[in-house]
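Residue-level structure breakdown
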Amino acid sequence: MSKAGTSYVCSECGGHTLKWQGQCPACGAWNSLEAGAAPVKRTGYAGEVKGLRLADVAQAEVERVTTGILEFDRVLGGGLVTGSVVLIGGDPGIGKSTLLLQAAGGQPSGHKVLYVTGEESLQQIAMRARRLEVATDGLSVVAETCVEHLLQVLQKEKPACVVIDSVQTLYSEAVSSAPGSVSQLRESASQLVRYAKTSGTTVLLVGHVTKEGNIAGPRVLEHMVDAVLYFESESDSRYRILRAIKNRFGAANELGIFAMTSSGMREVKNPSAIFLSRHPEAVAGSVVTVSREGSRPLLIEVQALADQSGGGTSRRLALGLDQNRLSMLLATLNRHAGVSAYEYDVFINVVGGVRISETSADLAALAATVSSLRDRPVPQTTVVFGEVGLAGEIRPVAFGEERLLEAAKRGFSHAVVPRGNLPKKPIKGLKLSGVDYLRGALEALDLA
Ligand code: TYD
Ligand code: MG
């Protein structure tokens with residue numbers, strides 16, 4: 001045992017060691033250990049604590065406040081819950097500050113909102129607020145990056161909601177490492193979480209995510225906060241998708257869809273068909289699927305390009321789909337449908353920058369690949385969904401009928417779907433092909 005009080009803290013992962021080393025034994029980062037306080041061991045028992053019967057625990061109604069933006073409210077599960085802490089992450093420039101400034105101004109009048117900026121000047125924010133025509137009656141701004149100072153401001157101002165833009169710029173005097181480091185991030189956020197819980201103030205934290213740097217990013221805060229929302233988008237698309245990764249007060253995986261316009265983020269009220277690229281005529285390698293992201297069906301175009309590889313190992317690249325799953329699907333395609341893609345590089349792209357996180361897009365990804373391999377287009381009025389199993393079977397997915405109804409509503413006339421998803425009653429205008437195996441699915445799509 002070492003003397004009490006000496007310990008080294010990793011500025012990357014926050015891990016403790018008793019001896020200084022060149023490399024952190026917890027996360028493997030180099031030169032990241034700094035002298036710090038040893039973790040306090042608490043073993044004391046506070047006295048008589050009794051378990052309470054769950055049925056006897058008084059239920060508090062959660063109180064929700066609208067942000068004035070329907071799609072944002074929807075992702076939150078129906079509005080901001082008073083006293084909750086929400087983390088909003090995304091790449092730089094995706095529109096976090098824009099959306100939160102609009103949400104700060106959109107709250108009911110009489111609701112005091114404090115916008116804390118560590119990145120932009122107060123003038124810049126005022127200019128943006130004017131341009132976005134944000135209601136500024138209850139809205140105050142402050143430029144502050146020290147959490148302890150900030151908490152004093154909050155105690156004085158007592159806002160109902162605080163926006164921190166961004167949590168990476170905050171630092172606490174209690175920790176010696178640089179702002180943006182993991183230990184700073186954790187300490188600053190935990191002070192704010194404690195403040196939110198004791199005061200009933202809603203706290204919105206903005207966090208930048210770097211493409212590769214999840215470690216130093218806001219991921220480490222995910223377990224501390226009540227809800228985690230992430231923006232996803234393609235860099236050149238004007239659509240922005242906000243997805244709830246975690247939500248203690250609502251459904252996870254709920255999606256909100258926005259369009260970035262010259263006057264800020266506008267909600268897209270009817271998003272079901274914005275992820276289609278609308279070619280003038282059918283092209284090989286493009287297949288439409290119905291995904292059910294969040295609580296509504298979305299028609300999404302999956303594109304594939306199969307190109308003769310130049311020797312060596314062939315490449316598999318998937319944007320918007322899981323890459324490992326693609327390799328697995330291509331192996332299934334070879335073994336169970338006799339279509340080999342080994343001599344081809346296969347690229348898959350989901351149009352519009354949306355990420356499909358469910359397996360219902362399996363069949364569409366394979367159909368698009370075969371369509372590209374054979375250079376044979378699938379008609380634009382055909383829609384395809386279904387999970388592909390390792391035995392080449394096509395498995396039904398949840399909410400099949402709802403997906404089919406959405407496709408029919410959007411003018412699709414043929415659906416190739418798992419047999420288990422066929423509705424009991426026919427759907428007007430939609431020809432249904434129920435399939436059991438991959439081979440049958442390719443036949444129904446005229447790709448065999
Ligand atoms: P911003 O909200 O500053 O992004 P973040 O806070 O996530 O880094 O948005 C930055 C981009 O959005 C910037 O490139 C300009 C664009 N933008 C618009 O297109 N319209 C607008 O009304 C605003 C405010 C920004
Ligand atoms: Mg910003």
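Scope of this entry: the structure provided in the associated data block. Every value quoted in this text rests on a predicted model; they were computed, and no experiment measured them. (Residues numbered from 1 in each chain as written. Chains lettered and ligands numbered in written order. Predicted model: local features only at pLDDT ≥ 70, side-chain atom pairs only at ≥ 80, totals over all residues. Heavy atoms only, no water.)

Looking at the pattern of salt bridges
Quick reminder of the rule: Each reported salt bridge corresponds to a side-chain nitrogen of Lys or Arg within 4 Å of a carboxyl oxygen of Asp or Glu. Relative accessibility decides the category of a residue: with a 1.4 Å probe and only protein chains considered, values under 20% of the type maximum give buried, values over 50% give exposed, and everything between is partly exposed. Segments assigned H or I by DSSP are reported as helices when at least four residues long, segments assigned E as strands when at least two residues long, and all are numbered from the N terminus.
Using the criterion set out here, one finds 16 salt bridges in the structure. Here Glu120 ties to Arg128 by a salt bridge, and the two come within 3.0 Å at their closest N and O atoms. Classification of Glu120 as buried rests on a relative accessible area of 19%. Residue Lys409 is joined to Glu406 by a salt bridge in which the shortest nitrogen-to-oxygen separation is 3.6 Å. Here Glu406 and Lys409 lie together in helix α8 (residues 400-409), a separation of three residues that amounts to about one turn.

Notes on helix α5 (residues 182-199)
Short version of the rule: Multiplying one less than the number of residues by 1.5 Å gives the expected span of a helix. Pairs of residues are marked as contacts when any of their non-hydrogen atoms sit within 4.5 Å.
The first and last C-alpha atoms of α5 sit 25 Å apart over 18 residues, in line with the 26 Å expected at 1.5 Å per residue. Of the positions making up α5, those classed as buried are Val182, Ser183, Gln184, Leu185, Ser188, Ala189, Ser190, Gln191, Leu192, Val193, Tyr195 and Ala196. Each element contacted by the buried residues of α5 is listed here: β1 (7-10), β6 (85-90), α4 (147-157), β9 (161-165) and β10 (202-208).

Quick word on the site of ligand 1
Convention followed: Near is defined per residue: the residue qualifies when any heavy atom it owns lies within 4 Å of the molecule or strand. Polar contacts here mean pairs of N or O atoms no more than 3.5 Å apart (in protein, one a potential hydrogen donor and the other a potential acceptor; neighbouring residues in sequence count only if both atoms are side-chain atoms). All accessible-area figures derive from a Shrake-Rupley calculation using a 1.4 Å probe, and residue coverage is judged against the displayed protein chains alone. Each residue is assigned to one class: nonpolar for Ala, Val, Leu, Ile, Met, Phe, Trp, Tyr, Cys and Pro, charged for Asp, Glu, Lys and Arg, and polar for all the others, Gly among them.
Contacts to ligand 1 come from 16 residues, most closely from Gly93, Lys96, Ser97, Thr98 and Thr261. The separation between an oxygen atom of ligand 1 and a polar main-chain atom of Gly95 is 3.0 Å. For ligand 1, an oxygen atom lies 2.7 Å from a polar atom in the backbone of Lys96. Summarising the interface, the protein chains cover 73% of the accessible area of ligand 1, which totals 560 Å² for the free molecule. Within the residue set of the shell around ligand 1, elements represented by two or more residues are α2 (96-106), α3 (122-131) and β13 (255-261). Top contributing element to the shell around ligand 1 by residue count: α2, with three residues. Per-class residue counts for the shell around ligand 1 are four nonpolar, eight polar and four charged.

With respect to a nonpolar patch on the surface
To keep it simple, the criterion reads: To count toward a patch, a residue needs a relative accessible area over 30% and no salt bridge; like charges are then connected within 9 Å, while nonpolar side chains (Val, Leu, Ile, Met, Phe, Trp, Tyr) are connected within 5 Å.
A cluster of nonpolar residues, Leu52, Leu54 and Val57, forms a patch on the protein surface that exposes about 340 Å² of accessible area. Here Leu54 lies in the loop between β3 (33-36) and β4 (64-65).

Observations concerning the pairing of strand β16 (residues 296-308)
Using the following cut-off: Strands are treated as partners if at least two bridges between them are detected by DSSP.
The pairing of strand β15 (residues 286-293) with β16 spans eight bridges and is classified as antiparallel. Looking at the pairing, Val287 lines up with Val302 of β16. Turn length for the β15-β16 hairpin, with the two strands adjacent in sequence and antiparallel, is two residues, and the turn residue Gly294 shows positive phi of about 70°. Summarising the sheet, β16 and strand β18 (residues 344-350) pair through seven bridges and their orientation is antiparallel. Each bridged residue has a counterpart across the sheet, and for Val302 the counterpart in β18 is Val350.

Just distances and angles here, no functional claims.
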